[in-house]
Amino acid sequence: IKVKVPKGKYVKEVEVSEWIFKTDRIVNLPVIKTHRSAQYSICLKNFVGATHFRQRPYFVDSKHWEEIVAEINLAYTPDLNIVDGTTTMVEGGPWKGTDVEANLIMASGDRVAADVVGLALIKSYGLWKSVASRSVWEQRQIKRAAEIGLGAGKRDGIKLVTSSIGKIPGFEELVGKIEKNLV
């Protein structure tokens, strides 16, 4: 199905799977990982898989990969994002890289907020220079997504609620690092 995206600067129409519009609810189920072209892949990047192959960002405009990932998301709105951060790729990717056992699961109705928190997690390990070297809000996917109104555009738009099942060593310290990286 072709969906017009009037707010798009790099993409004016997105071709998506018809199944996106035949459901009662859309639940986005990404993992958290670094990505050699998109810098990272979480909620926003996960939706690229529901688009027609010819609309992959590298075919559209390789210089604006990240902005295109954000704009493609104008074609749909997930009801819920459940992000798997149990094993998180913090360097390399998307197929092979450095994994850590972060043991986190996130849930959010805001895909941009979920991406920002996932980026803060990746940044806390300091291994992926393109994420670690700047604010999570300066990532091009996030900047463009906020500009076009897909979700949170600044820190006060995110409420981080945490809970640990049992005593997980290092959980509070990791949450503190994520909080610190949300600025």
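Since the model is a prediction, treat every value here as computed from it, not as a measurement.

### Here we look at the packing of helix H4 (residues 111–125) against helix H6 (residues 140–147)
For any two helices packed against each other, the geometry is given by the interaxial angle and the distance between the axes. With their axes 10 Å apart at the nearest point, H4 and H6 run at an angle of 160° to one another. Judged by the angle between their axes, H4 and H6 are roughly antiparallel. Crossing of H4 over H6 shows left-handed handedness. Counting all contacts with H4, which are made through Val 112, Asp 115, Val 116 and Leu 119, the residues of H6 involved are Gln 141, Ile 142 and Ala 145. Residues that form the contact of H4 with H6 fall into these classes: five nonpolar, one polar and one charged.

### Details of the nonpolar core
Among the nonpolar cores identified, the biggest contains 50 residues, and Val 116 and Ile 142 are the most heavily contacted of them. Where this core is concerned, the elements lending two or more residues are helix H1 (43–46), helix H3 (65–72), strand E7 (97–108), H4, H6 and helix H7 (171–180). Those residues in contact with Val 116 that lie beyond four places of it in its chain are Val 136, Trp 137, Ile 142, Ile 158 and Leu 182.

### Section: the sheet that holds E7
Strands sit in the order E3-E6-E7 across an open sheet of three strands; the sheet is mixed. For this open sheet the edge positions go to strand E3 (27–28) and E7, each flanked by a neighbour on one side alone. In the packing of H4 onto the sheet, contacts are made with strand E6 (80–92) and E7, and the angle to E7 comes to roughly 150°.

### So, H3
For H3, the buried fraction is high: eight of the eight residues fall into the buried class. Listed in full, the buried residues belonging to H3 are Trp 65, Glu 66, Glu 67, Ile 68, Val 69, Ala 70, Glu 71 and Ile 72.

### Some details on the environment of Ala 146
As for its position among the elements, Ala 146 is in helix H6. Between the C-alpha atom of Ala 146 and that of Val 16, which follows or precedes it by 130 residues, the distance is 22 Å. The residues contacting Ala 146, other than those within four sequence positions of it, are Gly 151, Ala 152 and Gly 153.

### Some remarks on the packing of aromatic side chains
Inspection of the entire model under this criterion finds one aromatic pair. Look at Phe 47 and Tyr 76: their rings are 3.7 Å apart centre to centre, the planes differ by 15°, and that puts the pair in the stacked class. Taken together, the positions of Phe 47 in the loop between H1 and helix H2 (57–60) and Tyr 76 in the loop between H3 and E6 put the pair 29 residues apart, joining distant regions of the chain. Phe 47 gets classed as buried once you look at its relative accessible area, which sits at 3%. In this structure, Lys 22 packs its charged tip against the face of Trp 19, placed 4.8 Å from the ring centre. Positioned over the ring face of Tyr 76 is Arg 111, at 5.2 Å from the centre of the ring.

### Things to note about unusual backbone geometry
For the peptide bond that leads from Gly 93 to Pro 94, omega is 15°, which places it in the cis range. Mapped onto the elements of the fold, Pro 94 is located in the loop between E6 and E7.

### Brief notes about the side chain of Asn 81
If you trace the backbone, Asn 81 turns up in strand E6. A distance of 3.1 Å separates a polar atom in the side chain of Asn 81 from a polar atom in the side chain of Asn 28. Each residue touching Asn 81, except ones within four places of it in the same chain, is listed here: Asn 28, Cys 43, Met 106, Ala 107, Ser 108, Gly 109, Asp 110 and Arg 111.

Conventions used here
Residues numbered from 1 in each chain as written. Predicted model: local features only at pLDDT ≥ 70, side-chain atom pairs only at ≥ 80, totals over all residues. Heavy atoms only, no water. Axes fitted to C-alpha atoms, helices over the stretch in contact; angles between N-to-C directions. Helix = DSSP H or I, 4+ residues; strand = E, 2+ residues; numbered from the N terminus. Parallel < 35°, antiparallel > 145°, perpendicular 65-115°, else oblique. Left-handed = near helix turned anticlockwise from the far one by under 90°. Contact = heavy atoms within 4.5 Å. Nonpolar A, V, L, I, M, F, W, Y, C, P; charged D, E, K, R; others polar. Core = buried A, V, L, I, M, F, W, Y, C linked by side-chain atoms within 4.5 Å. Buried < 20%, exposed > 50% of the residue type's maximum accessible area, 1.4 Å probe, protein only. Pairing = 2+ DSSP bridges. Phe/Tyr/Trp six-rings, centres within 6.5 Å; stacked < 30°, edge-to-face > 60°. Lys NZ or Arg CZ within 6 Å of the ring centre and 35° of its normal. Polar contact = N/O pair within 3.5 Å; in protein donor to acceptor, adjacent residues only side chain to side chain.

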